Amino acid sequence: MIKEIQLIKENNDWSYFERIATNFGIKGLATVKLKEMAGVAIKVSMGMTG
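Residues numbered from 1 in each chain as written. Predicted model: local features only at pLDDT ≥ 70, side-chain atom pairs only at ≥ 80, totals over all residues. Heavy atoms only, no water.

## Focus: the nonpolar core
In summary, soluble globular proteins display a tendency toward joint burial of nonpolar side chains.
Then comes step 1: Grouped together as the largest cluster of nonpolar side chains are seven residues: Ile5, Ile8, Trp14, Phe17, Leu34, Ala38 and Ile42.
Then comes step 2: Ranked by residues supplied to this core, first place goes to helix 3 (residues 31-49) with three residues.
Then comes step 3: Other than its neighbours up to four places away in sequence, Ile42 contacts Ile2, Ile5, Gln6 and Lys9. (Core = buried A, V, L, I, M, F, W, Y, C linked by side-chain atoms within 4.5 Å. Buried < 20%, exposed > 50% of the residue type's maximum accessible area, 1.4 Å probe, protein only. Helix = DSSP H or I, 4+ residues; strand = E, 2+ residues; numbered from the N terminus. Contact = heavy atoms within 4.5 Å.)

## Section: the environment of Met37
Then comes step 1: Its place among the elements puts Met37 in helix 3.
Then comes step 2: A residue is classified by how much of its surface remains accessible, and Met37, at 47% relative accessible area, is partly exposed.

In structure tokens:
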């Protein structure tokens, strides 16, 4: 999942991320919050592996 988040970040395709969140029934999640959550997930992943 982290690799997919990193690809979304690299490609600046946050609208894709929003669609995925909506598919899981998460509504009203702004792109700004999605970016924050992605950043945290990436940092946690890097801390766990390196």
